[in-house]
Structure formats: C-alpha cells, structure tokens
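Here is how the chains run, residue by residue.
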Amino acid sequence: GNSVTQMEGPVTLSEEAFLTINCTYTATGYPSLFWYVQYPGEGLQLLLKATKADDKGSNKGFEATYRKETTSFHLEKGSVQVSDSAVYFCALINTGRRALTFGSGTRLQVQP
Amino acid sequence: GAVVSQHPSRVICKSGTSVKIECRSLDFQATTMFWYRQFPKQSLMLMATSNEGSKATYEQGVEKDKFLINHASLTLSTLTVTSAHPEDSSFYICSARDLSGVVNTEAFFGQGTRLTVV
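This section reports on the structure supplied with the text.

What to know about the pattern of salt bridges
- For the structure shown, the criterion picks out five salt bridges over all chains.
- Of the charged contacts in the structure, one is a salt bridge between Lys52 of chain A and Asp55 of chain A, with a shortest N-O distance of 3.3 Å.

Right under this line is the structure:
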C-alpha cells in the first residue's frame, strides 16, 4: 500500500535559518507528491506539488524535488521567517486511489 | 485556486446530541469529497469517501451509523456526528476533488471544524 514517512518534530529554528524537512514515500506506480501547510486552527493549504520524477515544486521560497530513485520529496527553504511557523504535511496521491495519503506532519517553530 | 468552505468552524455540543458539518465547493464541481479526522498533534485520518449521488465508502474502523455522510449535490457534502460523545471531540476536515475528467486533479481542503462534546 501507499505510505508517507516524515521526520518527527518539532523543528525549532531561528529566523533566517535553512530548513529541511525530510519526506520519503512508498507507493506503486507513479504517484503525485505534495506538501501541505496547516496554520493553527485552520485547514490545510497546498504549498507545492510535483507530478513526475525530477519535477521541482516551489512556492513562497519553499522547494521540493521529486526523487524517484530515493523515493523522497524533501522540503527546503533557504531562509525561514517567523510566519512560516506551522505544521507541514507531506502527502501523495496515486492514480489508483482517490484520497491523499498523508505523513504524520512536522511542526516547525521559527523563533525571532 | 478553488475554494472549499466548511461550516461551522467551531461547535460545542452536549453528549447525546447530533452535529452536522457542511462542506461546500464554491467554484468547481466536487464529484468526490473526503472526510478526515485529525487528533491533536497527529496526522489526518481518512474517515470516508463520498461520490455525488451515491453512498459513502467508509474506511475500516469508522462507524458508518455514527458518522453519516451525505453528498446530494456536486457542491455540497455533509457529515453528521450522531449521538456524540466526548471521545468524538476532534478536528474534522473535508476535502474535495473533481474526478470527472482524466487529469489527476488537485484536492482542495476546507478550513476544518473543531468539535467539542461536553
């Protein structure tokens, strides 16, 4: 079956630090990969996505590259801000399934 | 991007009562809607998948008589928590996709509903 594994949090960084949140997946076929962000008390917002191998998704300074050889989709940002503090979810969707499969989420706390 | 509106955002109810949560797709036809439950500091657990005009498909371990799902139109799905108990207190999130075409379309999420049963 499909599964997504994320690094455990919380991740605590100082403002302007470099961010990496690891994500690896297990899936048959060629899934699409996503990063969602959840701010406190809110639903999920799509942050970025990649639909095929070697695609790079990017948005608001965040990037992630679909690496089929390592089954990974690590999230990176060169310089985090306090406003980036949130929970980040890695997810995949496979052609044969209609619902997303989520990782456990990683809480990011950015301190001024 | 497409907007999914979920209502209410917060609700407090007494044990034994029922609560209805609405999920609307505002600018696209949601052929398929998903209901998730999220426990504090945990990931989203898929509860059920519903297609417009047909019965919902529930995930293993989810009581279909307790969590009633209706998807009567292409823009509205409802989740009713019947005879609520404190252990049903949670954050419920809906998601919608248009699967009428051949493209692997994006899923859009509602804002979530915080249910507290007292």
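A closer look at the pairing of strand E3 (residues 19–25) of chain B
All names here are of chain B.
- Side chains of E3 alternate between two faces, with Val19, Ile21, Cys23 and Ser25 buried and Lys20, Glu22 and Arg24 left unburied.
- By the bridge criterion, four bridges tie strand E1 (residues 4–7) to E3 in an arrangement that is antiparallel. Looking across to E3, one finds that Ser5 is bridged to Arg24.
- For E3 and strand E8 (residues 76–81), the ladder comprises six bridges, and the chain directions are antiparallel. The partner of Glu22 across the bridge, within E8, is Thr78.

Quick look at the sheet that holds strand E7 (residues 56–59) of chain A
Residues and elements named next belong to chain A.
- Across the sheet, four strands lie side by side as E3-E9-E8-E7; this open sheet has antiparallel pairing. Strands with a single pairing partner mark the edges of an open sheet, and in this sheet they are strand E3 (19–21) and E7. With strand direction ignored, the average angle separating the axes of adjacent strands in the sheet is 15°.
- Pairing of E3 with strand E9 (residues 75–77) involves three bridges; the strand directions are antiparallel. When the bridges of E9 are listed, Ile21 appears paired with Leu75.

Details of the environment of Thr5 of chain A
Residue and element names in this part refer to chain A.
- With respect to the helices and strands, Thr5 occurs in strand E1 (residues 3–6).
- Here the alpha-carbon distance between Thr5 and Ala91, two residues 86 residues apart in the chain, equals 9.2 Å.
- Other than its neighbours up to four places away in sequence, Thr5 contacts Asn22, Cys23 and Thr24.

Quick look at the state of the cysteines
- Summed over all chains, the structure comprises two disulfides over all chains.
- Between the sulfur atoms of Cys23 of chain A and its disulfide mate Cys90 of chain A the distance is 1.9 Å. On the S-S bond that ties Cys23 of chain A to Cys90 of chain A, the torsion sits near -70°, and the link is left-handed. Of the two residues, Cys23 of chain A is situated in strand E4 (residues 23–26) and Cys90 of chain A in strand E10 (residues 86–93); the sequence distance between them amounts to 67 residues. Here Cys23 of chain A matches Cys90 of chain A in class, with each residue buried.
- Paired by a disulfide, Cys23 of chain B and Cys94 of chain B hold their sulfur atoms 2.0 Å apart. What sets the handedness of the Cys23 of chain B and Cys94 of chain B disulfide is the S-S torsion sign, and at about 75° it is right-handed. Here Cys23 of chain B is found in strand E3, whereas its partner Cys94 of chain B is found in strand E9 (residues 90–97), with 71 residues between them in sequence.

Here's the deal with the interface of chain B and chain A
- Listed as interface residues are 23 residues of chain B and, on the opposing side, 19 residues of chain A.
- Contact between chain B and chain A buries roughly 1600 Å² in total, counting both sides, with carbon and sulfur atoms accounting for 53%.
- Taken together, the links from chain B to chain A amount to zero salt bridges.
- Linking chain B with chain A are five residue pairs in polar contact (both at pLDDT 80 or more).
- When contributions to the side of chain B that touches chain A are tallied by element, the ones reaching two or more residues are strand E4 (32–38), strand E5 (44–51) and E9 of chain B.
- Class assignment of the residues belonging to the side of chain B that touches chain A gives a composition of nine nonpolar, 10 polar and four charged.

A short note on unusual backbone geometry
- The linkage connecting Gly9 of chain A with the following residue, Pro10 of chain A, adopts the cis geometry, with an omega of 0°.
- Following the sequence through the fold, Pro10 of chain A ends up in the loop between E1 and strand E2 (11–14).
- The amide bond that connects His7 of chain B to the next residue, Pro8 of chain B, takes the cis arrangement and shows omega of 0°.
- Take Pro8 of chain B: it is sitting in the loop between E1 and strand E2 (10–13).
- Unusually for a residue other than glycine, Lys60 of chain A sits at a positive phi of about 55°.

About the cut-offs
Residues numbered from 1 in each chain as written. Chains lettered and ligands numbered in written order. Predicted model: local features only at pLDDT ≥ 70, side-chain atom pairs only at ≥ 80, totals over all residues. Heavy atoms only, no water. Salt bridge = Lys/Arg side-chain N within 4 Å of Asp/Glu carboxyl O. Buried < 20%, exposed > 50% of the residue type's maximum accessible area, 1.4 Å probe, protein only. Helix = DSSP H or I, 4+ residues; strand = E, 2+ residues; numbered from the N terminus. Pairing = 2+ DSSP bridges. Axes fitted to C-alpha atoms, helices over the stretch in contact; angles between N-to-C directions. Contact = heavy atoms within 4.5 Å. Disulfide = S-S within 2.5 Å. Buried area = accessible area lost by both parts, 1.4 Å probe. Polar contact = N/O pair within 3.5 Å; in protein donor to acceptor, adjacent residues only side chain to side chain. Nonpolar A, V, L, I, M, F, W, Y, C, P; charged D, E, K, R; others polar.

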